[in-house]
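# Coordinate analysis (summary)
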Amino acid sequence: MISIRNVSKHYGQFQVLTDCSTEIKKGEVIVICGPSGSGKSTLIKCVNGLEPFQQGEIIVKDISVGDPKTNLSKLRAHVGMVFQNFELFPHMSIIDNLCIAQTQVLGRSREEAVTRGLKLLERVGLSIQADKFPGQLSGGQQQRVAIARALAMDPICMLFDEPTSALDPEMVNEVLDVMIGLAQEGMTMMVVTHEMGFARKVANRVIFMDQGRIIEDAPKEDFFSTPRSERAQQFLSKILQH
Amino acid sequence: MYEFDWSSIPGALPFLWSGMMLTLKITVVAVSVGIIWGTLLALMRMSGIKPLSLFAASYVNLFRSIPLVLVLLWFFLLVPSLLSNFFNIPRSSDTRLVSAMVAFALFEAAFYAEIIRSGIRSIPKSQVAASLALGMTYAQAMRLVILPQAFRNMVPLLLTQGIILFQDTSLVYVSALADFFGTAYKVGDRDGRLVELLLFSGAVYFIICFSASLLVKHFQKKRVS
C-alpha cells in the first residue's frame, strides 16, 4: 500500500531525513516513535506530499508522491490525515467541516455528504454536536471530529501525526478508542505517537526514529521485548517509566 | 464680530443630499472594487511567483508613497484622453465621476492589500496544510478556508479604512465634482455664507464618521465576547 524507498530530505544544510525505507501493507498499523526532532512527523507528511523530499521515492497505491506529474490533490483526497492540533475549520459548523471536502473535492451532493457526515459523527459519538462550532467542543471531541472528517473522504489509508499530544490526559483515551476501532476494522494506518499502550494493543510494527534515520523497524513484540538498538532501549525505558 | 446666518442651508438641502449620494456612490464603489483588487494584490504578493509578487509589491509601495490628491489629478487629466484615444469617446464628455471612482479604487486597493495580507498571515499555516490534506487545491484552500477566516478578523480594519475613504472622497473638489463637500462649498460661495456651510458640512462628516466608528467598535466588542 505504501512504500517508502531511500527517502532523504534536507532544509538547506540541515538533514531532516536520511535514507528512510519501509513498506506498509494493506491493513497494517504502523506506529512511529522517537524523540522530538527525530523526523517522524516530517516522514509522515512526506507520504501525502505535504512535505517535499529531495531523494528517494514514496509510492502510495501505485502513485509516486514525489513525481512532479502526480496530481497531489487527487492523491491526498484519498489519504486521510489527522493533525496534532486538530485543524478543524473554526468558521464552519461541525457538519460543514465534514462536508466541505466531500462536496468541493469529491463532488458529492450536499445531501449525500450530510448523510455520510452524520453517520461518521455517530460513529465517533458526536452526532448531537453536528451544528456546533469547533470552538465549542473539547480537544478530545475536536480530534474525534477531525478523524471523522478524514474518514468522510473514504480514505485508502490514514496518517496520524501525534493525534493525542495536544490533549489533556483525560481526553486521550476517547481519541485512542476511535483509532483502535479503526485499526481493528482493517484500516491501513501510520501513526506517529508516544502512546505505547496503543502500539501494544493494535500495532503490527513499530518504527523507531532518531536524527532523521529509521533505527528500528520491527514487529511490536520484538520491539517491546528485545529492542536491538541502544538508542531505542533508552527511549523505551524513559517513556515507559511512568 | 461675525454674525452667523444659517438661512441658506434649508433651501440647499436637496442639493446637499444629492451631493451626499454622490459621495456615498464613490465610497461604495471604491471600497468594493478596492477590496476585491486588494485581495488579488495580496494573493499575488504572497503567491511565491516572482513576477506577480514583485508587481504587487511595487504597486502597493507606489500608491502608498504618492499623495492621494496627485493620483486623483492624474486620473482627471489622464482618463479622458485615454478614453478618447482608445474608445473614440469625445474628449468633451464628462468622465470625472468615472475617473474619480477608478482613482479611489486603485489607490485604496493598495491599502486594502496590506490589511488583507496581514489578515491572511494571521491564519495559521497549518490550516492550509489541513485543507490540502483533504484534497483541496491551493486555490480552494484560500477561497474556502483561509480567506473567510481572514476577512472575519479584518472586518473592523476594513470598515475603519472605509470611513477614512469616505472622508477622503471630499478631495474630488479638485475636479469640481458635486459631491457633498463640493456642493456645500458651491452653495456657500454662491450665498456668501462659506463659513456656515463649511461648518455645517464638517458637522455632517463628523456625525456620520463618528457614529460609523462607534458601530465598528460595537461589532468588535460583540465579536470578542
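Here, the structure is the one placed above.
Residues numbered from 1 in each chain as written. Chains lettered and ligands numbered in written order. Predicted model: local features only at pLDDT ≥ 70, side-chain atom pairs only at ≥ 80, totals over all residues. Heavy atoms only, no water.

## Details of the overall build of chain A
On a plain count of helices and strands, chain A comes out with nine helices and ten strands. The globule rule puts the C-alpha radius of gyration for 242 residues at 18 Å, and the 18 Å found for chain A is close to it. Dimensions of chain A along its principal axes, counting C-alpha atoms only, are 50 × 45 × 30 Å. For chain A, the residues scored as buried account for 57% of the 242 residues in total. Taking contacts inside chain A between residues at least 6 apart in sequence as the whole, the part at least 24 apart equals 65%. For chain A, the exposed area adds up to about 10600 Å²; of that, 47% sits on carbon and sulfur atoms. On chain A, the mean spot of the 26 positive side-chain charges and the mean spot of the 28 negative ones are 2 Å from each other. (Helix = DSSP H or I, 4+ residues; strand = E, 2+ residues; numbered from the N terminus. Rg over C-alpha atoms; globule rule 2.2 N^0.38 Å. Buried < 20%, exposed > 50% of the residue type's maximum accessible area, 1.4 Å probe, protein only. Contact = heavy atoms within 4.5 Å. Areas by Shrake-Rupley, 256 points an atom, 1.4 Å probe, with all protein chains shown as cover. Lys, Arg positive; Asp, Glu negative; His and termini not counted. Charge placed at Lys NZ, Arg CZ, Asp CG, Glu CD.)

## Some words on the interface of chain B and chain A
With 18 residues of chain B in contact, the opposing surface of chain A contributes 20 residues. Of the roughly 1600 Å² buried where chain B meets chain A, counting both sides, 64% is carbon and sulfur surface. Of all residues in chain B, A133, L134 and L144 of chain B give up the largest surface area on contact with chain A, accounting jointly for 35% of the area buried on that side. Summed over the shared surface of chain B and chain A, the result is zero salt bridges. There are five residue pairs in polar contact (both at pLDDT 80 or more) connecting chain B and chain A. (Buried area = accessible area lost by both parts, 1.4 Å probe. Salt bridge = Lys/Arg side-chain N within 4 Å of Asp/Glu carboxyl O. Polar contact = N/O pair within 3.5 Å; in protein donor to acceptor, adjacent residues only side chain to side chain.)

## Some details on the pattern of salt bridges
Residue and element names in this part refer to chain A. Throughout the structure, instances matching the rule amount to 17 salt bridges over all chains. The residue R116 makes a salt bridge to D154 at a minimum N-O spacing of 2.5 Å. Of the two residues, R116 sits in helix α4 (residues 110–123) while D154 sits in the loop between α5 (139–151) and β7 (157–161), which places them 38 residues apart along the sequence. By relative accessible area, which is 24% here, R116 ends up partly exposed. The class for D154 is partly exposed, based on a relative accessible area of 36%.

## Structural notes on the packing of aromatic side chains
The geometry of an aromatic ring pair is captured by two quantities: the separation of the ring centres and the angle between the planes. Residue and element names in this part refer to chain B. Counted according to the given criterion, the structure contains 13 aromatic pairs over all chains. Taking 5.5 Å as the distance between ring centres and 10° as the angle between the ring planes, the aromatic pair formed by F4 and W6 counts as stacked. Taking the relative accessible area as the measure of exposure, W6 reaches 41% and is therefore partly exposed. Pairwise contacts between aromatic rings join W37, F55, Y59, F63, F107 and F111 into one cluster. (Phe/Tyr/Trp six-rings, centres within 6.5 Å; stacked < 30°, edge-to-face > 60°.)

Remember that the coordinates give geometry; whether it matters functionally is a separate question.
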